[in-house]
Amino acid sequence: MYLDEPTTGMDPISRRATWDIIEAAKPGRAIVLTTHSMEEADILGDRIAIMVSALQHEPAACSQLTMLMPVGGCLASNECQFPECR
């Protein structure tokens with residue numbers, strides 16, 4: 001199942017309800033979800049990958065990813081801390 005930013009523009013209650021639906025759908029399925037929300041990725045993701053300048057990076061844990069990101073969670077290609085992006 002592919003979900004492209006399924007909660008963008010939702011109010012917090014609807015977003016949480018959608019997260020519950022996605023969590024319930026996970027067993028026995030592969031779900032690819034795109035999001036700009038680190039909170040959403042952390043809550044829903046079993047494995048998290050990021051794309052920067054068309055390169056895929058797979059941190060071991062969301063906590064590692066958040067340590068690499070500037071304050072506020074904005075990751076632009078010129079701010080990327082991965083050596084391959086410099």
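The residue numbering used here restarts from 1 in each chain and proceeds along that chain's sequence as written. Confidence filtering applies because this is a predicted model: local features only for residues at pLDDT of at least 70, side-chain atom pairs given and counted only at 80 or more, and all residues used for totals across whole chains, interfaces and linings. Hydrogens are left out, water is left out, and the side-chain values use all remaining heavy atoms of the structure.

*Asks:* Give me the lowdown on the overall build of the protein chain, citing residues and values where you can.
*Replies:* The secondary structure listing takes helices from DSSP runs of H or I that are at least 4 residues long and strands from runs of E that are at least 2 residues long, numbered from the N terminus. If you tally the helices and strands in the protein chain, you get three helices and four strands. Listing the helices and strands of the protein chain from first to last along the sequence gives β-α-β-α-β-β-α. Considering the protein chain as a whole, with its 86 residues, one finds that 24% of them fall into the buried category. Should any heavy atoms of two residues lie within 4.5 Å, those residues are considered in contact. In the protein chain, the share of contacts with a sequence separation of at least 24, taken over all contacts with a separation of at least 6, comes to 47%. Working note: accessible area of the protein chain is about 6100 Å², and carbon and sulfur atoms make up 56% of it. Three labels apply to residues, based on accessible area from a 1.4 Å probe with only protein chains included: buried if under 20% of the type maximum, exposed if over 50%, partly exposed otherwise in between. Each accessible area value is a Shrake-Rupley result obtained with a 1.4 Å probe; residue values ignore everything except the protein chains displayed when judging cover.

*Asks:* Describe the side chain of Thr7, with residues and values.
*Replies:* Take Thr7: it is sitting in the loop between β1 (2-4) and α1 (12-25). A relative accessible area of 9% places Thr7 in the buried class. Those residues in contact with Thr7 that lie beyond four places of it in its chain are Arg15, Thr18, Trp19 and Glu40.

*Asks:* If you had to explain unusual backbone geometry to someone new, which residues and values would you point to?
*Replies:* A positive phi angle, near 45°, is found at Glu5, a position not held by glycine. Following the sequence through the fold, Glu5 ends up in the loop between β1 and α1.

*Asks:* Would you mind going over α1 in detail, with residue names and values included?
*Replies:* Given 3.6 residues per turn, any residue in an α-helix points the same way as the ones three and four places further on. A helix is expected to span 1.5 Å for every residue after the first. Relative to the 20 Å expected for 14 residues at 1.5 Å per residue, α1 spans 20 Å between its end C-alpha atoms, a close match to the ideal helical length. Looking at α1, one finds that the buried residues are Thr18, Trp19, Ile22 and Ala25. All buried residues of α1 project into a common sector of 125° when viewed along the axis, lining one side. Opposite the buried face of α1, at more than 90 degrees from it, the exposed residues are Pro12, Ile13 and Ala24. Its buried side turned inward, α1 meets β1, β2 (32-34) and α2 (38-44). Think of a polar contact as two N or O atoms within 3.5 Å of one another; within protein, one of them needs to be a possible hydrogen donor and the other a possible acceptor, and neighboring residues in sequence only count if both atoms come from side chains. Taking the backbone nitrogen of Ile13 as reference, a side-chain oxygen 3.1 Å away marks Asp11 as the first, capping residue of α1. The directions from the helix axis to the C-beta atoms form the arc being described.

*Asks:* How would you explain the pattern of salt bridges if you had to name every residue and give the values?
*Replies:* For this document, the term salt bridge refers to a Lys or Arg side-chain nitrogen within 4 Å of an Asp or Glu carboxyl oxygen. For the structure on display, the rule yields three salt bridges. A salt bridge links Asp46 to Lys26; the nearest nitrogen and oxygen atoms lie 3.2 Å apart. Note that Asp46 is positioned in the loop between α2 and β3 (50-52) and Lys26 in the loop between α1 and β2, a separation of 20 residues in sequence. Accessibility expressed as a relative area gives 67% for Asp46, which makes it exposed. Salt bridges here are not isolated pairs; linked through shared partners, they connect Glu23, Lys26 and Asp46.

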